[in-house]
Amino acid sequence: MQDIRFPVVETEIRVAKELKAGDRSLYTVIRVSFLRDKGKIVGSWLTPLAVLIVEPKDQYAVSLTGERMPLEKIMELAPSLKAVVEKARGIFRIKVT
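Residues numbered from 1 in each chain as written. Predicted model: local features only at pLDDT ≥ 70, side-chain atom pairs only at ≥ 80, totals over all residues. Heavy atoms only, no water.

A. Up close: the overall build of the protein chain. From N to C terminus, the protein chain includes 2 helices and 5 strands. Scanning the protein chain from its N terminus toward the C terminus, one meets helices and strands in the order β-β-β-β-β-α-α. A buried classification covers 22% of the 97 residues belonging to the protein chain. When contacts within the protein chain are restricted to residue pairs at least 6 apart in sequence, long-range pairs at least 24 apart make up 38% of them. Just so you have it, the protein chain exposes about 7,500 Å², and 55% of that area is on carbon and sulfur atoms. (Helix = DSSP H or I, 4+ residues; strand = E, 2+ residues; numbered from the N terminus. Buried < 20%, exposed > 50% of the residue type's maximum accessible area, 1.4 Å probe, protein only. Contact = heavy atoms within 4.5 Å. Areas by Shrake-Rupley, 256 points an atom, 1.4 Å probe, with all protein chains shown as cover.)

So this is what it looks like as structure tokens:
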């Protein structure tokens, strides 16, 4: 009997490049999914999740899925967003060792 294997789905949350609108920075948060079979990508798809909006004194997110998605949840999904928000707001930390 032949062994049947299904392709593996790998998913990552990514942040698109910054789009400036006046003093606001906008970032699209997307879920990138890959379908792999024997190490090769045989399919992929993108799902937009939210738009992160960073203003000089505030930041918030607008869900694109219709799902209630507070900023904290988006930050949890994509921890790299913290650095994006800090950069957009002009906050830089110097690590002293």
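B. Looking closely at the pattern of salt bridges. Per the stated rule, a full pass over the model turns up 3 salt bridges. In this structure, the salt-bridge partner of Glu55 is Arg24, at a minimum N-O distance of 2.6 Å. You can see Glu55 sitting in the loop between β4 (40-54) and β5 (59-63) and its partner Arg24 sitting in strand β3 (residues 24-37), a full 31 residues away along the chain. Relative accessible area serves as the criterion here: at 18%, Glu55 is assigned to the buried category. (Salt bridge = Lys/Arg side-chain N within 4 Å of Asp/Glu carboxyl O.)

C. Local environment of helix α2 (residues 81-88). When we look at burial in α2, the residues that qualify are Leu81, Val84, Val85 and Glu86. Tucked inside the fold, the buried residues of α2 contact β1 (8-15), β3, β4, β5 and α1 (71-77).

D. View of the nonpolar core. Among the nonpolar cores identified, the biggest contains 13 residues, and Tyr27, Val29, Leu52, Val54, Ile74 and Leu81 are the most heavily contacted of them. Among the secondary structure elements, those contributing two or more residues to this core are β3, β4, α1 and α2. Here this core takes 4 residues from β4, the largest share from any one element. (Core = buried A, V, L, I, M, F, W, Y, C linked by side-chain atoms within 4.5 Å.)

E. Quick look at the pairing of β3. Relative to β3, β1 runs antiparallel, the two sharing 8 bridges. Each bridged residue has a counterpart across the sheet, and for Thr11 the counterpart in β3 is Ser33. With 3 bridges joining them, strand β2 (residues 19-21) and β3 adopt antiparallel strand pairing. Along β3, the bridge assignment pairs Lys20 with Ser25. Counting the residues in the hairpin turn of β2 and β3 gives 2 residues, including Gly22, whose phi is positive at 65°. (Pairing = 2+ DSSP bridges.)

F. Just the environment of Glu55, in detail. Linking Glu55 and Ser25, residues 30 residues apart in sequence, is a C-alpha distance of 6.6 Å. Within the structure, the side chain of Glu55 is placed 2.6 Å from the side chain of Arg24, a separation counted as a polar contact. (Polar contact = N/O pair within 3.5 Å; in protein donor to acceptor, adjacent residues only side chain to side chain.)

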